[in-house]
Amino acid sequence: MEISDVVDFLRNYDGRSLRLMEVCGSHTHAIATHGIRDILSPKIELISGPGCPVCVTPTAYVDRLIELSLMPDTTVVTFGDLLRVPGSKESLNEAKGHGGSVEMVYSPMDVLALASAHPEKNYVFAAVGFETTAPVYTLLLDNAVAKNLKNIKILTALKTMPGAISYLCDNGAMIDGFIAPGHVSAITGADYFNGLAEKYQIPFVVSGFGDKELVIAIYGLVQMVINNQPQVKNFYTSVVDATENKIITSQLNKYFEPADVVWRGMGVIPHSGLVLKKEFARFDAGSVGLDEDNKKNKACRCGEILMGKASPVDCPLFGKVCTPMTPEGACMVSEEGSCFNAYLVRR
Ligand code: SF4
C-alpha cells in the first residue's frame, strides 16, 4: 500500500468516531509539528495524554525543589524545562530571583563536575522523567559511588507508564486505541503493553517520530480498532524490540523500586513511579511523601487535559493569561506539553 493510499484512507475515514491517544511528549510535539491532525478525518480524534514528564510533575515536587534551593549550601540542579513549571506559589526561576540557588544543566552527569569542584556544597538533582530518562540517573549514582562523592542527592519524581494508562482506562477516558510511547518502548520493549491491551481490550501501536512513521502507525491503529484486535503492534522495529533491554532494566532495578506516586492533576496512581531503594537512601533528597498537588491558578485544566477529558482550547486561560512565555500550568511549559503544542499550532 502506498503512503498516499494510507493518507487517503485516514482523510476519508467515515466509520464510527474514534478517540486515539498518544502518551509520549515527543509524539505530542511530532504530531503538532508534522501537522498530522490536518490529514485526519474529523471522525479520528488524536488526544495527547500524560506523556510529558514536566507536565505530570506535581506542584509539591516543585515546592520541595524551591525549599531545597533556599537552604544554605544547597544547589538544585535541573534541566531547563523544570525551571518555569509553576509550583503552588512560584516556579524555580522565580525562586532564583529571591536567592534560590539553581543550576541548569543539559545532562545529570554535569552534576559530577559541580560536586567534585565544590565539596563544601550539596547538589540535588531534580530527577523527573519516565522509564526513558530514569537510566541516566542510575549512571549518575554509579559515578557518585565510584568517585565517593557524598554531596550529591536526587529528588525523584520518576513515573512509569502502565499505571497511568490503567488509571486513564479505569477513570472514563474512553480511549479506543493508544500510540504507545516510542522512547519508553525502546527501554521496556513493545511487549510491556501486552497486559494492558488484553486487560482493557484496547489496541496499542508502537510508533517512531517521523511523519510517515506516525501516519502508518495511526493507520495500523485504526485498522486494529475497527477489526477489534486488542493487541500490541510494533511499527518502530528499527529501534524497539519485543522485549526489554535487560542491561538497562537491571540498572533500574538495582537502584529503584516501584511506588505509588502523585501525577499532576490526577492524584496518586498506584505503582506508577520509581523511588530509590532503602539501601540508597543516602542519595534521596526526600522524594517519598510528595503527595500534594495544589495548582497555582485554580482555573488551570491540566489534569483534565492530561486525562483526555478536555482540550487545551477548553481552558479559559489558554492563549490569554497562559502562553509559553507566561505559563500558568505545566502543560504550557515544555515543547512536549499539550497546551504548548496547541498554542504552537494556533500560531
Ligand atoms: S492553557 Fe495553561 S492554564 Fe490552561 S490548562 Fe493549559 S497550562 Fe493550564
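For the structure, check the block above.
Residues numbered from 1 in each chain as written. Predicted model: local features only at pLDDT ≥ 70, side-chain atom pairs only at ≥ 80, totals over all residues. Heavy atoms only, no water.

## Comments concerning the overall build of the protein
Here is step 1: Across its full length, the protein holds 14 helices and 11 strands.
Here is step 2: Against the globule reference of 20 Å for 347 residues, the protein gives a C-alpha radius of gyration of 20 Å, in line with a compact fold.
Here is step 3: Once the C-alpha set of the protein is aligned to its principal axes, its extents read approximately 65 × 45 × 30 Å.
Here is step 4: Sorting the 347 residues of the protein into buried and exposed places 56% on the buried side. (Helix = DSSP H or I, 4+ residues; strand = E, 2+ residues; numbered from the N terminus. Rg over C-alpha atoms; globule rule 2.2 N^0.38 Å. Buried < 20%, exposed > 50% of the residue type's maximum accessible area, 1.4 Å probe, protein only.)

## Quick word on the sheet that holds strand 7 (residues 177–180)
Here is step 1: Across the sheet, five strands lie side by side as 2-1-7-8-9; this open sheet has parallel pairing. At either margin of the open sheet sits one strand with a lone partner, and together these are strand 2 (44–48) and strand 9 (232–234). Pairs of neighbouring strands in the sheet enclose a mean axial angle of 20°, with direction left out of account.
Here is step 2: Of the strand pairs in this sheet, strand 1 (residues 18–22) and strand 7 are connected by three bridges, and their pairing is parallel. Looking at the pairing, Glu22 lines up with Ile179 of strand 7. (Pairing = 2+ DSSP bridges. Axes fitted to C-alpha atoms, helices over the stretch in contact; angles between N-to-C directions.)

## Here's the deal with unusual backbone geometry
Here is step 1: The phi dihedral of Asp73 falls on the positive side, at around 55°, and the residue is not glycine.
Here is step 2: Its identity is not glycine, yet Asn228 carries a phi of approximately 55°, on the positive side.
Here is step 3: Along the polypeptide, Asn228 turns up in the loop between helix 11 (211–226) and strand 9.

## Quick word on the packing of helix 7 (residues 134–146) against helix 12 (residues 246–255)
Here is step 1: Across the interface, helix 7 lies against helix 12 with an axial gap of 9 Å and an inter-helix angle of 65°. Relative to helix 12, the crossing made by helix 7 is left-handed. In this structure, helix 7 contributes Ala134, Pro135, Thr138, Leu139, Leu141, Asp142 and Val145 to the contact, and helix 12 contributes Ile248, Gln251, Leu252, Lys254 and Tyr255.
Here is step 2: Residues belonging to the contact of helix 7 with helix 12 are distributed by class as follows: eight nonpolar, two polar and two charged. (Left-handed = near helix turned anticlockwise from the far one by under 90°. Contact = heavy atoms within 4.5 Å. Nonpolar A, V, L, I, M, F, W, Y, C, P; charged D, E, K, R; others polar.)

## Some details on the side chain of Ser272
Here is step 1: Summarising the element assignment, Ser272 is placed in strand 11 (residues 267–276).
Here is step 2: Judged by relative accessible area, which is 0%, Ser272 ranks as buried.
Here is step 3: Reaching out from Ser272, the side chain makes a polar contact with the backbone oxygen of Ile269 at a distance of 2.7 Å.
Here is step 4: Residues within four places of Ser272 in sequence aside, it is in contact with Leu158, Lys159, Thr160, Gly163, Ala164, Ala259, Val261 and Trp263. (Polar contact = N/O pair within 3.5 Å; in protein donor to acceptor, adjacent residues only side chain to side chain.)

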